[in-house]
Amino acid sequence: MTYYPLVNLGDGLAGRVSSGEGEAVLWIHGYALDSTSWSELWDLLPGWRHIGIDLPGHGQSLPAGEGEELPALARRLVAVARAHDVRHLVGLSFGTVVALQMAVEEGDAFATLVLGSPLVEHGANDEPFWKRYRELANMHRMAGYGEHLRGRLMLVEPSLFEGAAGRPKLWQRLWDTVGRHGFWDLPEATFIRLGSCLQSDVSLHRIPSAALIVSGDRERPSARRHAERLARALRSCRCLHVLGAGAHSLLEAPETAAAAIDGHLRAHFAGRGEAAPTSGP
């Protein structure tokens, strides 16, 4: 896979970029991952210009500000998007919560949204991610930082990483990435605060961006219900169900995801007088 350089995106945020002649796409990763997660997908989408952001406290980005809530974080990322002339957003897991809030805040700025394995906001009692996050916060409170946090997140069932277990190279990459995560958010349970912002059906319906939801057929029932709710609420939305994929669908089925994303971006390419970029392999 290609190495994409780390850059300072401003306002305490870091990330990675790729060169390309097509319109810019901003990629927002899931919890405990970082912008290196996208390398394989970017290699499959060479015609577009990619910016992968490290969420606060992930990768090389500084932790979230004290008391920062989702709308404020979304506005910070919108500023990055505007600086790079971004027309398209891709989010995975928790990244979908952020991408949707960006579209709520500044929907006219984005032609498309891609929501990979969209995550339910905090408060859904049957959502495994939030149960596991609360477990991690309690473990940190009792035992501090350590390898036990990565083990609890990735190895204990039900795990959001189960879908990667049968793909050794992907599993190793994710294992290494989560191993770099500092879990700086756990003392204040920062992501519960960020994930507690209710995105109502009314606010979602106001989003003008064309949405694509990518879900794995091995995702939990709560995730499937949430994807169905989003599909009903969003004004313009289509869905892709990927066989054999779990809660990191975009990473677990990169060829399928890349083809779907490329087609979705092309269908809503602003053009600005240019031709759409050449298709990838």
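Not measured: the values here are computed from a predicted model.

Conventions and cut-offs
Residues numbered from 1 in each chain as written. Predicted model: local features only at pLDDT ≥ 70, side-chain atom pairs only at ≥ 80, totals over all residues. Heavy atoms only, no water. Helix = DSSP H or I, 4+ residues; strand = E, 2+ residues; numbered from the N terminus. Buried < 20%, exposed > 50% of the residue type's maximum accessible area, 1.4 Å probe, protein only. Contact = heavy atoms within 4.5 Å. Phe/Tyr/Trp six-rings, centres within 6.5 Å; stacked < 30°, edge-to-face > 60°. Polar contact = N/O pair within 3.5 Å; in protein donor to acceptor, adjacent residues only side chain to side chain. 1 Å grid on protein atoms, 1.4 Å probe; cavity = no way out; pocket = protein on both sides within 12 Å on 5 of 7 lines; lining within 4 Å. Points joined across faces, edges and corners; volume = space filled by probe spheres on them. Pairing = 2+ DSSP bridges. Axes fitted to C-alpha atoms, helices over the stretch in contact; angles between N-to-C directions. Right-handed = clockwise from strand over helix to strand, strands pointing away.

J.: Just give me the short version of the overall build of the protein, but keep the residues and values in it.
T.: In terms of regular secondary structure, the protein is built from 11 helices and 8 strands. The dimensions of the protein, computed from C-alpha atoms along their principal axes, are 60 × 40 × 40 Å. Residue burial in the protein is summarised as follows: out of 281 residues, 58% are buried. Put simply, of all contacts in the protein between residues at least 6 apart along the chain, 76% involve residues at least 24 apart.

J.: How would you summarise the packing of aromatic side chains if you had to cite specific residues and measurements?
T.: Taken as a whole, this structure holds 15 aromatic pairs when the rule is applied. Ring geometry for Trp-27 against Trp-38: centres 4.9 Å apart, planes inclined by 50 degrees, an arrangement best described as tilted. Taken together, the residues Trp-27 in strand β3 (residues 24–28) and Trp-38 in the loop between β3 and α1 (39–44) connect sequence positions 11 residues apart. In terms of burial, Trp-27 and Trp-38 fall into one category: buried. When the centroid spacing of 6.2 Å and the interplanar angle of 25 degrees are considered together, the rings of Phe-129 and Tyr-133 count as stacked. On the criterion of helical spacing, the pair formed by Phe-129 and Tyr-133 is a turn pair, its members being 4 residues apart in helix α4 (residues 128–143). With respect to class, Phe-129 is no different from Tyr-133; both count as buried. Grouping aromatic residues by their ring pairs yields a cluster made of Tyr-31, Phe-94, Phe-129, Trp-130, Tyr-133, Phe-183 and Phe-191.

J.: For the environment of Gly-151, give the residues involved together with the corresponding values.
T.: Counting through the fold element by element, Gly-151 comes out in helix α5 (residues 147–155). Residue classification places Gly-151 among the buried positions, given a relative accessible area of 15%. Taking the C-alpha atoms as reference points, Gly-151 and Trp-175, separated by 24 residues in sequence, lie 9.3 Å from one another.

J.: Give me the lowdown on the side chain of His-50, citing residues and values where you can.
T.: Mapping His-50 onto the fold places it in strand β4 (residues 49–53). Residue class for His-50 comes out buried when judged on its relative accessible area of 1%. Of note is the side chain of His-50, whose polar atom sits 3.0 Å from the side chain of Trp-27. For His-50, the residues in contact, after removing those within four places along its chain, are Arg-16, Val-17, Ser-18, Val-25, Trp-27, Trp-42 and Leu-45.

J.: Any details on the environment of Val-86? Residues and values, ideally.
T.: Looking at the secondary structure, you find Val-86 in strand β5 (residues 86–92). As for Val-86 and Ser-35, which are separated by 51 residues in sequence, their C-alpha atoms are 16 Å apart. Once you skip the residues sitting within four places of it in the chain, Val-86 turns out to touch Ala-24, Val-25, Leu-26, Ile-51, Ala-81, Ala-109 and Phe-110.

J.: So what's going on with the layout of surface pockets? Which residues, and what values?
T.: To find the voids left in a structure, one rolls a probe of water-molecule size over its atoms. Within this model, the largest pocket holds a volume of roughly 280 Å³. Lining the largest pocket we find 19 residues, and of these Met-1, Thr-36, Ser-37, Ser-39 and Arg-173 sit closest to its centre. Elements with a contribution of two residues or more to the lining of the largest pocket: α1, α6 (168–180) and α10 (249–252). Top element by residues in the lining of the largest pocket is α6. It accounts for 6 residues.

J.: Outline the environment of Ser-39, supporting the account with residue identities and numerical values.
T.: When you line up the elements, Ser-39 lands in helix α1. In this structure the C-alpha to C-alpha distance between Ser-39 and Tyr-133, which are 94 residues apart in sequence, comes to 26 Å. With sequence-adjacent residues up to four places away left out, Ser-39 is seen in contact with Met-1, Thr-2 and Tyr-4.

J.: Could you give an account of the sheet that holds strand β1 (residues 6–10), with specific residues and numbers?
T.: Taken together, 8 strands build an open sheet; the order of strands is β1-β2-β4-β3-β5-β6-β7-β8 and the sheet is mixed. Each edge of the sheet is formed by a strand with only one pairing partner; in this case those strands are β1 and β8 (237–242). Direction aside, neighbouring strands of the sheet carry axes that sit 25 degrees apart on average. Two elements, strand β2 (residues 13–17) and β4, share 3 bridges in a ladder whose sense is antiparallel. Residue pairing in the sheet places Val-17 in a bridge with Ile-51 of β4. Across the sheet, helix α9 (residues 221–233) lies against β6 (112–116), β7 (210–216) and β8, angled at about 165 degrees from β7, the strand it touches most. Of the strands in this sheet, β3, β5, β6, β7 and β8 touch helix α11 (residues 254–267), which is tilted by about 160 degrees from β6.

J.: Outline the pairing of β4, listing residues and values.
T.: Extensive coverage of β4 is indicated by the burial of 4 of its 5 residues. In terms of strand pairing, β3 meets β4 through 5 bridges, oriented parallel. Opposite Ala-24, over in β4, you have Arg-49 as the bridge partner. Handedness of the crossover joining β3 and β4 through α1: right-handed.

Structural measurements only, silent on function.
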